[in-house]
Amino acid sequence: MSLTDIRARIAAAEAAAQRPSGSVQLIAVSKEQPEDRVLPVLDAGHRLFGENRVQEAAGKWPGWRDRFGDVAVHLLGPLQSNKARQAMELFQAIHSLDRPKLAQSFARLAQELGHCPDLFVQVNTGAEPQKAGVLPDDADRFIKDARALDLPIVGVMCIPPVDEDPAAHFAQLADIGARNGLESLSMGMSDDFEIAIAQGATHVRVGSAIFGARR
Ligand SMILES: *Cc1c(COP(=O)(O)O)cnc(C)c1O
């Protein structure tokens, strides 16, 4: 199974970067994948998954959690404020905090629900107009404001532009994390997770390399 290969490649990349074994968490991105591809990965004991859409995740994970026990599922895709409550009840972490309004919704709901998932601030490192995320120049201020709302900000996340060398974007994200005292770096996908690990990724988000191309 590809899961075994990806785990081996992560271990090799950790070693090459002289990082401790186990310092990188593998988020298996199961969005849009059919059940017959996801179940073998659950059967193999993997317990950390990523999804892009609240609705899709809500249709799959409650049932799979009944069958397989505790599974952490992280939301990676954009989140509308009106789905914030459902997202907070469904996911253990959200990687797409990218605007003040969403931060305010989380803060209000955290009071009400008495808990809040771990939050990553998404940074639009390429300043691409069509892409979500706070601009790099705004990141420090945004993180400071989110912390002032008592939100559990654990890290930063980016998706580099498709046509650029991702290493520079990963390095930029690592710098933003470091200067804000954030330990978690969500960066690296199927095509570039080893490059991300060399730059300090703590969470790699790998979908098609584990499950195959999305239909
Ligand atoms: C789909 C997606 C991934 C996984 O992409 P692959 O190229 O299949 O590994 C990772 N992160 C985010 C935010 C995604 O939307």
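Residues numbered from 1 in each chain as written. Predicted model: local features only at pLDDT ≥ 70, side-chain atom pairs only at ≥ 80, totals over all residues. Heavy atoms only, no water.

- The name an unreviewed UniProt entry assigns to the chain is Pyridoxal phosphate homeostasis protein, from the organism Roseinatronobacter monicus.
- Within the UniProt record for the chain, the comment given under Function (unreviewed entry) is "Pyridoxal 5'-phosphate (PLP)-binding protein, which is involved in PLP homeostasis." (UniProt positions renumbered as here; feature names shortened; annotations may be inferred.)

1. Some thoughts on the site of the ligand
- For the ligand, the set of nearby residues contains 13 residues, the closest of which are Lys 31, Ser 190, Gly 207, Ser 208 and Arg 214.
- Here an oxygen atom of the ligand and a backbone polar atom of Ser 208 are 2.8 Å apart.
- Burial of the ligand by the protein chains amounts to 91% of its free accessible area of 390 Å².
- Put simply, the ligand lies in the largest pocket.
- Of the residues that constitute the shell around the ligand, the class distribution is 6 nonpolar, 4 polar and 3 charged. (Near = heavy atom within 4 Å. Polar contact = N/O pair within 3.5 Å; in protein donor to acceptor, adjacent residues only side chain to side chain. Areas by Shrake-Rupley, 256 points an atom, 1.4 Å probe, with all protein chains shown as cover. 1 Å grid on protein atoms, 1.4 Å probe; cavity = no way out; pocket = protein on both sides within 12 Å on 5 of 7 lines; lining within 4 Å. Sits in = over half its atoms within 2 Å of the grid points. Nonpolar A, V, L, I, M, F, W, Y, C, P; charged D, E, K, R; others polar.)

2. A look at helix α3 (residues 54-68)
- Counted at 1.5 Å a residue, the expected span for α3 with its 15 residues is 21 Å, and the 20 Å between its end C-alpha atoms agrees.
- Its maximal kink placed at Trp 61, α3 deviates by approximately 30°, while the proline Pro 62 follows within four residues.
- Every buried residue belonging to α3 is among Val 54, Ala 57, Lys 60, Trp 61, Trp 64, Arg 65 and Phe 68, and all of these are buried.
- As for α3, its buried residues are in contact with α2 (35-43), β2 (48-51), β3 (72-75) and α4 (84-90).
- Just beyond α3, the residue with positive phi is Gly 69, at close to 80°. (Helix = DSSP H or I, 4+ residues; strand = E, 2+ residues; numbered from the N terminus. Expected span 1.5 Å × (residues − 1). Bend = angle between axes of the 7 residues up to and from the residue. Buried < 20%, exposed > 50% of the residue type's maximum accessible area, 1.4 Å probe, protein only. Contact = heavy atoms within 4.5 Å.)

3. Section: the pattern of salt bridges
- Enumeration according to the criterion identifies 9 salt bridges in this entry.
- Measuring nitrogen to oxygen at the nearest pair gives 2.7 Å for the salt bridge that ties Glu 112 to Arg 85. Within this pair, whereas Glu 112 is found in helix α5 (residues 100-113), its partner Arg 85 is found in helix α4, the two being separated by 27 residues in sequence.
- Here the residues in one salt-bridge network are Glu 51, Glu 56 and Lys 60, joined through shared partners. (Salt bridge = Lys/Arg side-chain N within 4 Å of Asp/Glu carboxyl O.)

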